[in-house]
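Coordinate analysis (summary)
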Amino acid sequence: MVSPELLRRYPFFSGLEDSHLKAIAMLTQEASSEKGKVIFEGDQPASILYFLIEGSVELHYIVVDKHNPQFRKDFYVGEINPGEPFGISAMIEPFCYTATAIASNPCRILQIEAGGLRSLCEEESGAAAVLMRQIARAVMTRLHETRVQLAAARA
Amino acid sequence: MQTLDVLLAKHPFFEGLGEDYLKLLAGCATNQVFEAGQYLFREGEEATQFYILRHGRIAIEAHTPTGGDIILYTHDENDVVGWSWLFPPYHWHFSGRAVQLTRVIGLDAVCLRGKCESDPVLGYEFLKRFSHKVVRSLDQTRLQLLDLYGVHPVSNR
């Protein structure tokens, strides 16, 4: 469990009532990751919503060569900065991570138990609307950045 | 002739949404038709609509520094189009052009935002569905990028 005051520092959690912040704080643990550590892998069940406090995290697609299955390659697809959530598939069906997250520098991370958070959203519509709006904003920003990358690559 | 709430109910994006909410959203809706080549919206303009694609195809285009337009993505029947209306500054990041005769239901952005803000249950439900679509688009766009790199994965994980 973390202090609600820790969550209150970040715009992602703004707009939430005190009781909701307390409930989310109860579901949250602080953790650290050393550089190079795989925080979660793509295609795995998404049971935790992550929030980066310090450091940086890269998102990668790990691909397997169809002619040479033992040949795996990492493709960088995005970066997470402090104050941003990641692993947001934990809040969006089918609750499966779409990319692999790797600490590119030593990190401090908040881990929010997603099952409990989804239950809170089902019970408390006020919290649900605020949180899902922030989730939508985060994923839209990522889509926009990726489309800009695609446009630049194809120009 | 079918009413707008009935048309919305038939669209996969609104599957399972209660009748009362569909009637509420229909209050923000208009039926629109675009001829092939006609633009629904252009990059930089104010994003005033969320489009529910009933028939046809919409190409999402980016304007390049060399002056041409490239197609990033196409939306087909039963898809939804447009995210920029949801968050400030409410400007389209790209352009949307009808590739063929296209029929859409346009939901007025100000009306839609107002309904979602005044009813958090509707807001949550709408944003859940919306986020799901955006995550799928994100995944597809990332795979398009990999395709450009010449990678054809058996597994993309």
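Relevant structure appears above.
Bear in mind the structure is a predicted one, so any value in this text is a computation, not a measurement.

Residues and elements named next belong to chain A. For strand S3 (residues 48-54), the buried fraction is high: 5 of the 7 residues fall into the buried class. Looking at chain direction, S3 and strand S8 (residues 107-113) are connected through 6 bridges and run antiparallel. Residue Phe51 lies in a different strand from S8, and its bridge partner there is Leu110. Relative to strand S6 (residues 85-86), S3 runs antiparallel, the two sharing 2 bridges. Bridging from a neighbouring strand, Tyr50 pairs with Phe86 of S6.

Next up on the list: the environment of A:Gln134. Inspection of the secondary structure puts A:Gln134 in helix H4 (residues 125-154). Taking the C-alpha atoms as reference points, A:Gln134 and A:Leu150, separated by 16 residues in sequence, lie 24 Å from one another.

The subject of this paragraph is the interface of chain A and chain B. Counting residues at the interface gives 38 residues for chain A and 39 residues for chain B. Looking at the side of chain A that touches chain B, the elements that each hand over two or more residues are strand S4 (57-64), strand S5 (72-80) and H4 of chain A. Per-element tally for the side of chain A that touches chain B: the top contributor is H4(A), with 21 residues. Tallied by class, the residues present in the side of chain A that touches chain B amount to 21 nonpolar, 8 polar and 9 charged.

Glancing now at unusual backbone geometry. For the peptide bond that leads from A:Glu93 to A:Pro94, omega is 5°, which places it in the cis range. Examined against the element boundaries, A:Pro94 turns out to sit in the loop between S6 and strand S7 (100-103). A cis geometry characterises the amide bond from B:Pro88 onward to B:Pro89, with omega recorded as 10°. As for its position among the elements, B:Pro89 is in the loop between strand S6 (80-81) and strand S7 (95-98). Non-glycine residue A:Phe95 carries a positive phi angle of around 55°.

What follows covers the nonpolar core. Counting residues in hydrophobic clusters, the biggest one holds 83 residues, and the most contacted among them are A:Leu49, A:Tyr50, A:Val57, A:Ile112, A:Ala136, A:Val139 and B:Val134. Sorting elements by how many residues they give to this core places H4(A) first, with 11 residues. Setting aside anything within four residues of it in sequence, one finds A:Ala136 in contact with B:Leu86, B:Leu127, B:Phe130, B:Ser131 and B:Val134.

Right, let's get into the environment of B:His91. All names here are of chain B. In this structure, His91 sits in the loop between S6 and S7. For His91, a count of 13 C-beta atoms within 10 Å gives the class partly exposed. Note: C-alpha distance between His91 and Leu4 (87 residues apart in sequence) is 26 Å. The contacts of His91, once residues within four sequence positions are left out, are Gly44, Glu45, Glu46, Ala47 and Ser84.

Conventions and cut-offs
Residues numbered from 1 in each chain as written. Chains lettered and ligands numbered in written order. Predicted model: local features only at pLDDT ≥ 70, side-chain atom pairs only at ≥ 80, totals over all residues. Buried ≥ 20, exposed ≤ 12 C-beta atoms within 10 Å, placed from the backbone. Helix = DSSP H or I, 4+ residues; strand = E, 2+ residues; numbered from the N terminus. Pairing = 2+ DSSP bridges. Contact = placed C-beta atoms within 7 Å. Nonpolar A, V, L, I, M, F, W, Y, C, P; charged D, E, K, R; others polar. Core = buried A, V, L, I, M, F, W, Y, C linked by C-beta atoms within 7 Å.

Just distances and angles here, no functional claims.
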